[in-house]
Amino acid sequence: MDTPKKTIFVKLLQSAGLTVGHVVSLTGEFPSPALEAPKIKEEQRRDVGLDSEFSLHLRNFENSMVIYLDFMPFIMSIVPLLTGEVLKTSIHEFLKANAISADKAEDGEIFQLPHECYRDFAKLTERLEPTFDVPKFLARTVLMGLIAAFDQHIRDIMRLTIIANPSIIENHSATLTVKEILSFDNFDDLRRSVMHNELDLMSHEKRDEQIAWFEKKLKIDKISESYPHWCELMEVCERRNLFAHTDGHVSEKYLKNAEKYGYPSVNISLNDKLEVNEKYYSSAVNCIFEFGVMLTHVVRKKLLGKNDFHADSELSELGYRLLQRGDYQLARRILEFAHKARDVTRERTRRMIAVNYANALRCCKKPDEAKEILAKVDWSACSIDFEICVAALRENVDTVTNCMRHIGISGKLTEADYREWPAFFHVRDKVEFKKAYEEIFEIPYIPAPRRRDAISEMVKHLRKATADEMLENYTESVH
């Protein structure tokens, strides 16, 4: 076996038998973990820079939403399997062990039990009865957790807004006694207390009033009217309230808000019971993710100025990562917002947004719309990395391979870029493309999996392994 030209070393960090992280090294040396960096105190945040704060917060919000995009659906998909297996194993084993006879039926099996066994059978089914409701309550709980993450996100954006413009809280209605005022060591502590009072007050307001707070304090045009999925957002938040207060039963308040905001629901009456299915959940996560990102961007640009190019590039990069993941509909919605923004000042960023948006449209099976986006941009004077991406989106494999050979082995694109960039999704199965790659880098072309496909494979594997292990453990505990 030939020795690889280049190698890297990956150390898996483990605790209690579980992998909790990894470290990469080019030399094989892994120094001892550094001491944990001290946390930044709130009074030091201004020194860090508000722009950096927004960058960090946007990435943290993205990471939290990825949990609801990927791992929560995995948990919700595996729970019905496990509960079904528990019911099947426990009840089926009891019936097989105690039945006088068993017959097949079109929709199941019929067991004849001695009368003296029925008491034990009833106890078993009574003990297992809550198992039937586990998937339903889990779906509700996950949706409520999603809204809680959204609540925290809005509170954090409000906090950054006040830090950037402290005059916002000058008219705060809180009343403090002289004794309370004198209890503070300095004016900054007093201001911080007033800020937290304002945040606590707004956290209990209705969603539309929270968004109106941004509109009023920052003089922003109607955010709700500019967001195309506002009615859906309001319905998701109100459904969460039903789960928290009415066990999911439709209330008069829900119906009034349905009329006020134009909920997308149809044929819903008072006291109907609402649940969360897979389609609804997916739509809710996309809606919360999209609006949270858009709100962050709009507020950030208002506070830091239209020339905040970091905000524009990070919005483009987020859309790119969603394309890599395979979340094409969500990528399309966010990149459409970025593409329509009129205050993107850097030409390169505008071009990147156009390429990624066109790619998202192509991945959403809208090739004609993708062509229109690309046609509106003059690519004649662009750099070769844009030229090759546009050619790939147009499936012009001859231009792509010519660019590849011109770039060569030490140019603007690396061999990993050809394997990973979403723009090459549309040509990487072409024989000419693979041949050019192998001529340049002298290694076989192995495309990186689209992350959504990789996650699906992981979920498929974990679902079976977890189900088998948990079922075995449950069976042992029962017996």
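This is a predicted model, so every value here is computed, not measured. (Residues numbered from 1 in each chain as written. Predicted model: local features only at pLDDT ≥ 70, side-chain atom pairs only at ≥ 80, totals over all residues. Heavy atoms only, no water.)

Turning next to the overall build of the protein chain. A tally of helices and strands in the protein chain yields 20 helices and 4 strands. Per-residue burial over the protein chain gives 41% buried out of 479 residues. Residue pairs in contact within the protein chain that sit at least 24 positions apart in sequence constitute 66% of those at least 6 positions apart. If you sum the accessible surface of the protein chain, you get close to 28300 Å²; carbon and sulfur atoms cover 53% of it. (Helix = DSSP H or I, 4+ residues; strand = E, 2+ residues; numbered from the N terminus. Buried < 20%, exposed > 50% of the residue type's maximum accessible area, 1.4 Å probe, protein only. Contact = heavy atoms within 4.5 Å. Areas by Shrake-Rupley, 256 points an atom, 1.4 Å probe, with all protein chains shown as cover.)

Moving on, we get to the nonpolar core. Ranked by internal contacts, the top residues of the largest apolar core, which has 106 residues, are Phe214, Ile388, Tyr418 and Phe424. Sequence-distant contacts of Phe424, defined by excluding residues within four places in its chain, comprise Ile388, Ala392, Val400, Leu413, Asp417, Tyr418 and Phe433. Grouped together as the second largest cluster of nonpolar side chains are 8 residues, Leu87, Ile91, Leu95 and Leu124 included. (Core = buried A, V, L, I, M, F, W, Y, C linked by side-chain atoms within 4.5 Å.)

Attention now moves to the environment of Ile443. With respect to the helices and strands, Ile443 occurs in the loop between helix 19 (431-441) and helix 20 (451-478). Note on Ile443: relative accessible area 33%, which makes it partly exposed. Sequence spacing of Ile443 and Glu415 is 28 residues, and the spatial spacing of their C-alpha atoms is 9.5 Å. What Ile443 contacts, discounting residues up to four positions off in sequence, is Glu415, Tyr437 and Glu438.

On to helix 12 (residues 309-325). Spanning 17 residues, helix 12 covers 24 Å between terminal C-alpha atoms, matching the ideal 24 Å at 1.5 Å per step. The element helix 12 is extensively covered by neighbouring structure, given that 13 of its 17 residues are classed as buried. Gly326 sits one or two residues past helix 12 and shows a positive phi near 95°. (Expected span 1.5 Å × (residues − 1).)

Right, let's get into the packing of aromatic side chains. For the coordinates displayed, the defined rule picks out 19 aromatic pairs. With a centroid separation of 5.0 Å and an interplanar angle of 45°, the aromatic rings of Tyr437 and Phe441 are classed as tilted. In this pair, Tyr437 and Phe441 both sit in helix 19, 4 residues apart, roughly one turn of the helix. Taken individually, Tyr437 and Phe441 each receive the classification buried, so the pair is uniform in this respect. (Phe/Tyr/Trp six-rings, centres within 6.5 Å; stacked < 30°, edge-to-face > 60°.)

Here the focus is helix 2 (residues 50-98). Here helix 2 is 49 residues long and its end C-alpha atoms lie 70 Å apart, about the 72 Å a rise of 1.5 Å per residue gives. At Phe71, helix 2 shows its strongest bend, of approximately 35°, with the proline Pro73 following within four residues. (Bend = angle between axes of the 7 residues up to and from the residue.)

Remark: helix 4 (residues 134-164) packs on helix 7 (residues 207-218), axes separated minimally by 12 Å, with the N-to-C direction vectors making an angle of 15°. The pairing of helix 4 with helix 7 is recorded here as roughly parallel in orientation. The crossing of helix 4 and helix 7 is left-handed. Of the residues in helix 7, those in contact with Ile147, Phe150, Asp151, Ile154, Ile157, Met158, Thr161 and Ile162 of helix 4 are Arg207, Gln210, Ile211, Trp213, Phe214 and Leu218. Tallied by class, the residues present in the contact of helix 4 with helix 7 amount to 10 nonpolar, 2 polar and 2 charged. (Axes fitted to C-alpha atoms, helices over the stretch in contact; angles between N-to-C directions. Parallel < 35°, antiparallel > 145°, perpendicular 65-115°, else oblique. Left-handed = near helix turned anticlockwise from the far one by under 90°. Nonpolar A, V, L, I, M, F, W, Y, C, P; charged D, E, K, R; others polar.)

With glycine set apart, most residues show a phi of negative sign, and most peptide bonds adopt trans. Phi at Asp247 takes a positive value of approximately 60°, unusual for a residue other than glycine. With respect to the element layout, Asp247 can be found in the loop between helix 9 (230-245) and helix 10 (252-261). In this structure, Asn271 is a non-glycine residue whose phi angle is positive, near 75°. Assignment of secondary structure puts Asn271 in the loop between helix 10 and helix 11 (278-304). Residue class for Asn271 comes out exposed when judged on its relative accessible area of 53%.

What follows covers the confidence of the model for the protein chain. Mean pLDDT over the protein chain: 83, with 80% of residues reaching 70 or higher. Residue range residues 34-48 is modelled with pLDDT below 50. Its contacts to residues more than four positions away, or to other chains, number 12 contacts. Across residues 474-479, confidence stays below pLDDT 50; counting only partners more than four residues off in sequence or on other chains, it has 5 contacts. (pLDDT = per-residue confidence, 0-100.)

Within the element layout of this structure, Asp312 appears in helix 12. In this structure the C-alpha to C-alpha distance between Asp312 and Thr345, which are 33 residues apart in sequence, comes to 8.4 Å. Those residues in contact with Asp312 that lie beyond four places of it in its chain are His297, Lys301, Asp343, Val344, Thr345, Thr349 and Ile353.

Where strand 3 (residues 101-105) meets strand 4 (residues 108-112), 5 bridges bridge the pair, whose relative direction is antiparallel. Residue Ala102 lies in a different strand from strand 4, and its bridge partner there is Phe111. The hairpin turn running from strand 3 into strand 4, its antiparallel successor, is 2 residues long. (Pairing = 2+ DSSP bridges.)

So, on to the packing of helix 11 against helix 12. Look at helix 11 against helix 12: their axes get within 10 Å of each other, and the N-to-C directions meet at 165°. Between helix 11 and helix 12, the angle falls in the class roughly antiparallel. The interaxial crossing formed by helix 11 with helix 12 has left-handed handedness. The segment helix 11 lies against helix 12, with Phe289, Val293, His297, Arg300 and Lys301 engaging His310, Ala311, Asp312, Glu314, Leu315, Leu318 and Leu322. Taken together, the residues that form the contact of helix 11 with helix 12 break down as 6 nonpolar, 2 polar and 4 charged.

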